[in-house]
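# A structural walkthrough
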Amino acid sequence: MQEQLTSSEVILDSLSDGVYVCDRERRIVYWSTSAQRITGWQPEDVVGLLCLEDVLCHEDKDGHRLCGEEHCPLHRCMVTGVTTTVPVIVFARGKDGRKIPMQVTAAPIRNESGEVVGGVETFRDVAPMLQDLERAKMIQAQTLEQDLPADPRLRFSTFYLPHDIVGGDYYAVKQLDGDRYGFLLADMEGHGLAAALYAMQLGSVWNQHFQLLTNPAGFAAGVNKELVRIFGRVVTFATAVCGVIDARTGKMSVTGAGGPSPLIIRANQAFEKIECPGPPFGVMEDVPYEEQTVKLKPDDSLLLFSDGAFEIHNARDELLGVDGLARILTSLDYPRNQLNMDDLQKELLKFSNDIRLQDDITIIEVHFWGQ
Amino acid sequence: MKIVEKRENDICILTPVGRLDVNTSESFREHLLQVIADGTKNIILDCQSLDYISSGGLRVVLEGAKKIWQMEGKMVLCSLQEYIKEVFEVTQFDSFLPIAETVEEALKEF
């Protein structure tokens, strides 16, 4: 009886989570009873096959195929020897063809001398949780999807790529009067559900205060005061950059609240940083904010982005940085070519050599046509 | 995350090693808050071996500093690498957290 209870295989087969084991060549050598229950695949369907073959068909939340790529969580953990610290949501194909959302963790298996000889992946069906998150995503998208101003003198574009299903970035653009437009790009510290809820609250604060953006430093002070009140005793903050642009003259005032320095891309493809330091929103009450004034010339562009677009490390532990982001944009022949988020994401992933990008990415682009 | 801890009289010198990011900030937070909970109110964060700090890492530093201020203590940072220095400048965290060039200079702040 005792022997039965402590048998590893009995324990594995009794778990509610699915478990499978691959050898170093990624050949499936064990497939648990719960893995059968969740996916419908029987051991005889999968044991002996390479996990990257056309069976499990793991994809990430954005539909990118993970099997056979360097981005496969199990493969990565065998290469790096590191156990997954944060579970990853992937979509697997069940035997009946349906896509099953699964939360996955992976760990390397070592022999007695410490050499990695295989890997174990555990997964659980997270369909109910995902339905809830999908609804939350829809609600968040409704908050962010505002009609961008249409003005023949300017073109606004926005790009939003949350790390999780919902994200902690917030952005907005609004016409303030006949010629002037206000904008804000903010990044709640952290990501996931808590950051998304705070981002929703920031949306309400934006609606109450955006008219103040004729004076960005005053707007920043107002938003900061509100967020200090909202965060209360919780230690968190939002980094941000906000500003106002005059479509008639190209004159722009920008205020930073700990957000990344925006970039101006001149018509000749030269990049210039707008240095605008300032305390993040919500850290302390009654802190002063400053404005930087710059002028766009016809065919210049302004890029605001969250730190997820450049705080990316590669396999050699080197940081991409803003200069690296500018190099990637140049390699994509931006601004001659319009900004394409899919292409940019591919290049960022190529640099990172990771399963997926580690943070939300939001970009606001303003192209100034001039008179 | 590896964190080297040293004592100089009533001052605790913490040296986090590597990256303070989404994967490591929780273990650093636990360590820092434990040091504070044990009654230390003077802390030097020696950043000589800190290669990167994310906003989550900044939050942990802020949380530790706020707790220390409540105890009327002091947190001083020192030996910041160029990128970390930039982060503290952009966020103006350097306006309320004293930053010294070296551990020796940081010790003079107490």
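Residues numbered from 1 in each chain as written. Chains lettered and ligands numbered in written order. Predicted model: local features only at pLDDT ≥ 70, side-chain atom pairs only at ≥ 80, totals over all residues.

### What to know about the overall build of chain A
Looking only at helices and strands, chain A features ten helices and 15 strands. Summarising its shape, the C-alpha atoms of chain A cover approximately 80 × 45 × 40 Å along the three principal directions. When the 371 residues of chain A are sorted by exposure, 40% land in the buried category. Taking the contacts inside chain A whose residues are at least 6 apart along the sequence as the reference set, 61% of them involve residues at least 24 apart. (Helix = DSSP H or I, 4+ residues; strand = E, 2+ residues; numbered from the N terminus. Buried ≥ 20, exposed ≤ 12 C-beta atoms within 10 Å, placed from the backbone. Contact = placed C-beta atoms within 7 Å.)

### A word on the pairing of strand 2 (residues 28-31) of chain A
All names here are of chain A. Bridge count between strand 1 (residues 18-23) and strand 2: three bridges; the pairing is antiparallel. The residue of strand 2 that forms the bridge with Tyr20 is Trp31. Linking strand 1 back to strand 2 in an antiparallel pair, the connection comprises four residues, with Arg26 at a positive phi of about 70 degrees. (Pairing = 2+ DSSP bridges.)

### Some details on the domain arrangement of chain A
Domain parsing of chain A yields domain 1 (2-125) and domain 2 (131-368). Averaged C-alpha coordinates put domain 1 of chain A and domain 2 of chain A at centres separated by 38 Å. (Domains from an automatic or database assignment.)

### Observations concerning the nonpolar core
Residues and elements named next belong to chain A. Formed by 97 residues in total, the largest nonpolar core has its most connected members in Leu184 and Ala240. If one sorts the elements of this core by residue count, helix 7 (residues 193-209) sits on top with seven residues. If near-sequence neighbours (up to four positions away) are discounted, Leu184 is found in contact with Tyr171, Ala172, Trp206, Ala240 and Cys242. One finds Leu66, Leu74, Val88 and Met102 within the second-largest nonpolar core, a separate group that totals 24 residues. (Core = buried A, V, L, I, M, F, W, Y, C linked by C-beta atoms within 7 Å.)

### Structural notes on the sheet that holds strand 8 (residues 180-188) of chain A
All names here are of chain A. Strand order in the open sheet formed by five strands is 7-8-9-10-13, with antiparallel pairing between adjacent strands. If you trace the sheet from one side to the other, it starts and ends with strand 7 (169-175) and strand 13 (292-295), each paired once. Ignoring strand direction, the axes of neighbouring strands in this sheet form an average angle of 15 degrees. Relative to strand 9 (residues 238-246), strand 8 runs antiparallel, the two being bridged by nine bridges. Counted as the bridge partner of Leu184 is Cys242 from strand 9. (Axes fitted to C-alpha atoms, helices over the stretch in contact; angles between N-to-C directions.)

### As for the pairing of strand 15 (residues 361-368) of chain A
Residue and element names in this part refer to chain A. Most of strand 15 sits out of view: eight of its eight residues are buried. Side chains Ile361, Ile363, Glu365 and His367 of strand 15 all project onto a buried face; the interleaved residues Thr362, Ile364, Val366 and Phe368 project onto the opposite face, where all are buried too. Note that strand 6 (residues 154-161) and strand 15 share eight bridges and pair antiparallel. By the bridge assignment, Arg155 is partnered in strand 15 with His367. Direction of pairing for strand 14 (residues 301-305) relative to strand 15: antiparallel, over a ladder of five bridges. The residue bridging Ser301 from the neighbouring strand is His367, located in strand 15.

### Some thoughts on the packing of helix 7 of chain A against helix 8 (residues 216-231) of chain A
Residues and elements named next belong to chain A. At a minimum axis separation of 10 Å, helix 7 and helix 8 run at an interaxial angle of 140 degrees. As judged from the angle between their axes, helix 7 and helix 8 are oblique. Judged by the twist between their axes, the crossing of helix 7 over helix 8 is right-handed. The segment helix 7 lies against helix 8, with Gln201, Val205 and His209 engaging Phe219, Gly222, Val223, Glu226, Leu227 and Ile230. Of the residues contributing to the contact of helix 7 with helix 8, the split by class is five nonpolar, three polar and one charged. (Parallel < 35°, antiparallel > 145°, perpendicular 65-115°, else oblique. Left-handed = near helix turned anticlockwise from the far one by under 90°. Nonpolar A, V, L, I, M, F, W, Y, C, P; charged D, E, K, R; others polar.)

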